[in-house]
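Structure assessment
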Amino acid sequence: MALQKRDLIFVAIMIAVLGTFFLISGQEKTTRVPFDNIHQKYYPIIRNEGKKAGEKFCKECHTEEKIPFPPKHPPKFRCLFCHKLTEH
Ligand code: HEC
Ligand code: HEC
């Protein structure tokens, strides 16, 4: 039984769908911003004024000199797109 072009297209779509699920679930596992003494005070800023307003503060501490990022950290211009707030 020869493989039809139709079958290949179906397989390609399945891979695309599964790949998308995989990427989304991967992002959900990114470490959340801790709700601790350090980070607590940024929660209201982020909630009320938005992610962009809150992110300005991250770089005060999260720099290669102070708190190095893990090796292979992805590009980090918008912290809160990936690092979600914790539920509490
Ligand atoms: C005043 C300094 C400071 C600022 C500002 C700051 N952080 Fe942190 N952050 C720390 C320190 C210290 C740690 C490590 C100890 C800890 O987990 O609290 C940390 C840890 C983290 C972690 C890892 C937590 C874990 O479970 O390993 C994430 C994610 C994080 N910060 C995100 C952010 C984001 C996003 C912002 C901006 C909204 C931010 N931080 C602002 C000091 C800071
Ligand atoms: C494109 C997505 C993305 C962006 C943007 C991003 N990060 Fe990350 N970050 C990650 C991933 C993925 C890791 C690897 C560990 C993980 O799963 O949390 C990580 C790890 C970290 C860790 C170490 C957490 C730990 O568990 O030890 C800290 C701290 C951190 N990021 C802070 C920041 C800060 C601060 C910014 C903004 C300046 C930022 N990140 C922007 C995706 C991102």
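Going by the structure above, here's the rest.
Now for a quick tour of the structure. (Residues numbered from 1 in each chain as written. Chains lettered and ligands numbered in written order. Predicted model: local features only at pLDDT ≥ 70, side-chain atom pairs only at ≥ 80, totals over all residues. Heavy atoms only, no water.)

This paragraph deals with the coordination of the iron atom of ligand 1. Geometrically, a metal with four donors at the corners of a regular tetrahedron has ideal angles of 109.5 degrees, and one with six donors at the corners of a regular octahedron has ideal angles of 90 or 180 degrees. Around the iron atom of ligand 1, the donor atoms from the protein are His 39 (NE2) and His 62 (NE2), and they sit 1.9 Å away. Residue classification places His 39 among the buried positions, given a relative accessible area of 16%. For His 62, a relative accessible area of 30% translates into the label partly exposed. (Donors = N, O, S within 2.8 Å, 3.2 Å for Na, K, Ca; no water. Buried < 20%, exposed > 50% of the residue type's maximum accessible area, 1.4 Å probe, protein only.)

Let us look at helix α3 (residues 51-61). If you check which residues of α3 are buried, you get Ala 53, Gly 54 and Glu 55. Buried residues belonging to α3 abut α2 (42-49) and α4 (79-82). (Helix = DSSP H or I, 4+ residues; strand = E, 2+ residues; numbered from the N terminus. Contact = heavy atoms within 4.5 Å.)

Taken together, 17 residues surround ligand 1, and among them Asp 36, His 39, Cys 58, Cys 61 and His 62 come closest. Between an oxygen atom of ligand 1 and a side-chain N or O atom of Asp 36, the distance comes to 2.6 Å. His 39 is positioned with one of its side-chain polar atoms (N or O) 2.8 Å from a nitrogen atom of ligand 1. When contributions to the shell around ligand 1 are tallied by element, the ones reaching two or more residues are α3 and α4. Ranked by residue count, the leading element in the shell around ligand 1 is α3, at four residues. Classifying every residue of the shell around ligand 1 by side-chain character gives ten nonpolar, five polar and two charged. (Near = heavy atom within 4 Å. Polar contact = N/O pair within 3.5 Å; in protein donor to acceptor, adjacent residues only side chain to side chain. Nonpolar A, V, L, I, M, F, W, Y, C, P; charged D, E, K, R; others polar.)

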